[in-house]
Amino acid sequence: MAEETNTNELAGSYEILLRRLRGHGETLRGRVSELNAARREVFGGVELKLTGTERVLTENNCVPRDMVAVGKRFLFGYNVQLGLRKDMTPADVFAVYGFDEHGFAESEPDFLQDPGFLRDFTELYRFYRQTTFAKFARIGPHLYMVFRVGKDVKDVKCFKWLRGDDGTLTYVDNRSDHEYRYPSQHEFRWTRATRDMQRQGSFPHVSFRDKVFVETIGGNLTIKIEDNTASGNGIYSEPVEDADQSLDDAEYHFAEVGNLMLMKIKPYREEKFRYFVYSEKVREARRMDAIADACVLLPEDQGIIFPNGYYLQTGEYKQFEGAGAAMLFDRKISSPNGEDTLYIFYSRELGTYVLLSYNLIQQRVETPIECNGYSLFADGSLIYFKAQEEPSKSHAVQIWQTPYSKEAAGVTAHRDSLLFKIGNRDIVRAMAGCQTLLGLIQREDSYANLYVDVSRQATDLLDSFFWIREPAAFNLGEPLEEVKATAAAALDEFEKVTQMRQTAAQRLAEAEAETRELLNQIRLRRLEEILGFVETLSALRGLRGRVIGLRELRYMDLERVNALEETVREQTEVQAKRCVAFLLQEKAMRPYEQRIEALGPQTEALKTVRAGQELQKEVEKISAELEMLIEIVSNLAIDDATQRTRIIDSISAMFSTLNQARAALQNRIRRLAQSEGAAEFGSQMKLLSQAVINYLDVSDTPAKCESYLSRVMVQLEELEGRFADFDEYVEKLVEKREEVHNAFESRRLALVEAL
């Protein structure tokens, strides 16, 4: 009981600290919200939102491919079918439109009349009859017009233009195909596993930094987080095509990105790699093949982003439907305030873009934009279109407001404020750090090293920003200090709670193992007499009691306990019905009759009280088993009431005989106790008398008389307790007490007078 009380106190202390931590988190959240409102007032803010839809009209029916901003105008690229006409002109592929608050208006494409460009353009379509326009590419200060000239997406020719600050384009040449390159598609380096990373055993695997262990043997690709080669179980598993491969046959690559382990695995005789992401914090592995073509890092080391989703260092992830198939990373655009980043991915085969806008503070991507072409203007306006399957002269273009302008809007009204002096980017970084901290606080404590991370994140924020405690910046330092202190206290308590959880899990696992073993034994057991049924039902009843008792443990998985109890209950009911059916047989109770009949001779043969007590336990066991049989029969629904009555009457008759045997046994034990008690009492009295004589002889001072008298009185009290059931012995002990007291008192008085 004391241990249970202590356990509850530990759990209560931890829960109090957890509530306190979340309370400080809410305080921090409120102050961050106030700081964000003040920041927007000082620096302004632009949200990503749709502002309208307009249409672009072309002279011919065409399939649009891409668009690009050129100053305040945009260049629209498309492909047309001209029928019998052989010669193509730039006007058959490109058109220029102005863009303002009134919509789109076709503009004069003066730069397309450059003689060098006209010559090269004509030769391109003359020499490559399958030429089609593919896309615009912005690389540094140059714009590339990319044309596909063959069946492969890599068969391209480019026209290079120099972009001027005033929005002009100057033609350079058509000899820069080698400059048209995509940026690095993976902002990390894959490491191929070598033989020294293998761990041999019954289930060998490959170790990635001793954090993740992978194997493709036994017909499955398995990911483990324990270096245990004695078991083939892991946190993730999926089948492979060749079940007979060895550990050396597959190809393994990995890359560690903060708390994430990225894996690239190709099982034996398979053509494609499989890609996985494992989060050390949530101990979870997921298959994400979208990182095969492109995967880049999020700002502030917050995680990774790929064509159809993102995965954060905290273990949070999101994947979007319908986006990301065979796409490459095209470019990244950051907003001037540092709060938002636009990631652009492109499919060369389909000619489609996916635009993912990531917010550093909220740490999420809004709904992705899928389109066939887009233009981003200096003021942050974004226009894009989705091409129709059939050629058309009218093309819908959506207009969006975005924060991705070239420069932040000028602010003059708050130049003297502290927030303006700190700077928008620094404030955004701090708010992003606070958002990460708030996300950690709301995490379940199964998150690995949760309170260590909370304390570290709070410490980093306090140390990284000099203004964090300034009242004008809403003193974020105050709740951060409270979060840091509470996390440190919770860490100590969490270690104790973790031990309690491990104990609860161990007890539940033991109960589940015991249940499996007992059910297997019952399944194999042949029950041919009532004692077998009673033993089985007793075992099931005891097991069910232990399972129910698990509910009293803190942090117990009650769903699993309930399921386990239901399994035991169902099996108990099955065995009880079988037992009742067996009891209806004429000689079903014969084993109990024999056991009760044997009690008489065993009682007469008793020689000692101890043997009688052992036989008494057997009587109580028979009684408990008969009571259980009556309970089983009474609780089960039996259609024929006469059958229930016959079984109960039979057991009741045995109870009557058993009670007679019990009474005879008790009388026999009483007689044996009297005879054993007389002999033992006599020997104890002799021993006591000798002790009194010895104590009187050595009592040469009044103090010794009192000391030895106390010892003898203790012995007398022990004898009174031992022989309390015998009145005649109790009277003799009272007389002996007076005799001993008088003897020591006389000795003490004599010694006092001698002094």
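Each value, and the rule that gives it
- Residues numbered from 1 in each chain as written.
- Predicted model: local features only at pLDDT ≥ 70, side-chain atom pairs only at ≥ 80, totals over all residues.
- Heavy atoms only, no water.
- Helix = DSSP H or I, 4+ residues; strand = E, 2+ residues; numbered from the N terminus.
- Rg over C-alpha atoms; globule rule 2.2 N^0.38 Å.
- Buried < 20%, exposed > 50% of the residue type's maximum accessible area, 1.4 Å probe, protein only.
- Polar contact = N/O pair within 3.5 Å; in protein donor to acceptor, adjacent residues only side chain to side chain.
- Contact = heavy atoms within 4.5 Å.
- Salt bridge = Lys/Arg side-chain N within 4 Å of Asp/Glu carboxyl O.
- Core = buried A, V, L, I, M, F, W, Y, C linked by side-chain atoms within 4.5 Å.
- Axes fitted to C-alpha atoms, helices over the stretch in contact; angles between N-to-C directions.
- Parallel < 35°, antiparallel > 145°, perpendicular 65-115°, else oblique.
- Pairing = 2+ DSSP bridges.
- Phe/Tyr/Trp six-rings, centres within 6.5 Å; stacked < 30°, edge-to-face > 60°.
- Lys NZ or Arg CZ within 6 Å of the ring centre and 35° of its normal.
- Left-handed = near helix turned anticlockwise from the far one by under 90°.

S.K.: Would you explain the overall build of the protein chain in this entry?
M.R.: Regarding its fold elements, the protein chain presents 14 helices and 30 strands. Here the protein chain has a C-alpha radius of gyration of 44 Å; the compact-globule value for 755 residues is 27 Å, and the former is much larger. By its C-alpha atoms, the protein chain is 140 × 80 × 55 Å across when sized along the principal axes. Per-residue burial for the protein chain yields a buried fraction of 46% across its 755 residues.

S.K.: Can you help me understand the side chain of His-395 in this one?
M.R.: Looking at the secondary structure, you find His-395 in strand S30 (residues 392-401). At 2.9 Å, the side chain of His-395 and the backbone oxygen of Ser-392 are in polar contact. When near neighbours in sequence (up to four residues on either side) are disregarded, His-395 contacts Glu-54, Arg-55, Val-56, Thr-58, Cys-62, Pro-64 and Phe-76.

S.K.: How should I be thinking about the pattern of salt bridges in this particular structure?
M.R.: A side chain with one charge may pair with a side chain of the opposite charge, provided their charged atoms come close. Within this structure, the stated rule accounts for 43 salt bridges. If you follow the salt bridges from partner to partner, you end up with Glu-238, Glu-270, Arg-274, Arg-287 and Asp-289 in one network.

S.K.: Where do I start with the side chain of Arg-31 in this structure?
M.R.: Residue position: Arg-31 is located in helix H1 (residues 2-43). Here the side chain of Arg-31 touches Asn-475 through a polar contact of 2.8 Å, landing on its backbone oxygen. Once you skip the residues sitting within four places of it in the chain, Arg-31 turns out to touch Phe-474, Asn-475, Leu-476, Glu-478 and Pro-479.

S.K.: Could you clarify how one ought to interpret the nonpolar core in this entry?
M.R.: Nonpolar side chains tend to gather and get buried jointly when the protein is soluble and globular. Leu-437 and Trp-467 are the most contacted members of the largest nonpolar core, which totals 42 residues. Elements that contribute at least two residues to this core include exactly H1, helix H3 (418-422), helix H4 (424-441), helix H5 (450-464) and helix H6 (477-524). Apart from residues lying up to four places away in sequence, Leu-437 is in contact with Leu-28, Val-454, Gln-457, Ala-458, Leu-461, Leu-480 and Val-483. If you look at the next biggest cluster of nonpolar residues, it comprises 40 residues, including Tyr-78, Leu-143, Trp-161 and Phe-377.

S.K.: Before we go on, may I ask you to explain the packing of helix H7 (residues 530-549) against helix H9 (residues 590-597) in this structure?
M.R.: Here H7 crosses H9 at 90°, and the two axes come no closer than 8 Å. The orientation of H7 relative to H9 falls into the category roughly perpendicular. Here H7 contributes Ile-530, Leu-531 and Val-534 to the contact with H9, which in turn contributes Pro-591, Tyr-592 and Arg-595.

S.K.: Sorry if this is basic, but what is going on with the sheet that holds strand S29 (residues 381-385) here?
M.R.: Adjacent strands of a sheet form backbone hydrogen bonds with each other and so pair up, either parallel or antiparallel. Reading across the sheet, the seven strands line up as S4-S3-S2-S1-S30-S29-S28 and stay open at both edges, with antiparallel pairing between neighbours. In this open sheet, the two edge strands, each paired with only one partner strand, are strand S4 (103-107) and strand S28 (373-376). Taking each pair of neighbouring strands and ignoring which way they run, the sheet shows an average axis angle of 30°. The pairing of S28 with S29 spans four bridges and is classified as antiparallel. Bridging across to S29, Tyr-374 finds its partner in Tyr-384.

S.K.: Would you take a moment to explain the environment of Gln-185 for this structure?
M.R.: Topologically, Gln-185 is positioned in the loop between strand S8 (169-173) and strand S9 (191-192). The spatial distance from the C-alpha of Gln-185 to the C-alpha of Cys-295 is 6.1 Å, given a sequence separation of 110 residues. Ignoring sequence-local partners within four residues, the contact set of Gln-185 consists of Asp-293, Ala-294, Cys-295, Val-296, Leu-328 and Phe-329. At 2.8 Å, the side chain of Gln-185 and the backbone oxygen of Pro-183 are in polar contact.

S.K.: I'm lost on the environment of Val-42 in this one. Help?
M.R.: Within the element layout of this structure, Val-42 appears in helix H1. What makes Val-42 buried here is its relative accessible area of 5%. Placed 702 residues apart in sequence, Val-42 and Phe-744 show a C-alpha to C-alpha distance of 101 Å.

S.K.: Mind showing me how you'd approach the packing of aromatic side chains here?
M.R.: Taken as a whole, this structure holds 42 aromatic pairs when the rule is applied. Ring centres of Phe-121 and Phe-147 lie 6.2 Å apart, and the angle between their planes is 75°; this geometry places the pair in the edge-to-face category. One end of the pair, Phe-121, is in helix H2 (residues 115-127); the other, Phe-147, is in strand S6 (residues 142-148), and 26 residues separate them in sequence. Summarising the burial analysis for this pair, Phe-121 and Phe-147 share the class buried. Among the aromatic residues, those joined into a cluster by ring pairs are Phe-94, Phe-111, Phe-117, Phe-121, Tyr-125, Phe-133, Phe-136, Phe-147, Phe-159, Trp-161 and Tyr-171. Of note, Arg-501 hangs over the ring of Tyr-555, and the distance from its end group to the ring centre comes to 4.7 Å.

S.K.: Looking at this model, I keep getting lost on the packing of H4 against H5. Mind explaining?
M.R.: Where H4 meets H5, the axes come as close as 10 Å, and the angle between the chain directions of the two elements is 160°. Comparing the axis directions of H4 and H5 gives the class roughly antiparallel. Helix-helix and strand crossings are classified by hand; for H4 and H5 the assignment is left-handed. Within the contact between the two elements, H4 uses Ala-430, Gly-433, Cys-434, Thr-436, Leu-437, Leu-440 and Ile-441 and H5 uses Leu-450, Asp-453, Val-454, Gln-457, Ala-458 and Leu-461.

S.K.: Before we go on, may I ask you to explain the environment of Ser-207 in this structure?
M.R.: Following the sequence through the fold, Ser-207 ends up in strand S11 (residues 205-208). Relative accessible area serves as the criterion here: at 4%, Ser-207 is assigned to the buried category. Between the alpha carbons of Ser-207 and Ile-225 there is a distance of 9.5 Å; along the sequence they are 18 residues apart. Ignoring sequence-local partners within four residues, the contact set of Ser-207 consists of Met-197, Arg-199, Val-212 and Phe-213. Within the local environment of Ser-207, its side chain forms a polar contact with the side chain of Asp-210, the two groups lying 2.9 Å apart.

S.K.: Any chance you could explain the sheet that holds strand S16 (residues 260-266) here in plain terms?
M.R.: Here five strands make up an open sheet; going across it, the order is S9-S15-S16-S17-S18 and the pairing antiparallel. Strand pairing shows two members of the sheet lacking a second neighbour, S9 and strand S18 (284-287), which therefore form its edges. The sheet contact formed by S9 and strand S15 (residues 251-257) spans two bridges and is antiparallel. Opposite Thr-191, over in S15, you have Phe-254 as the bridge partner.

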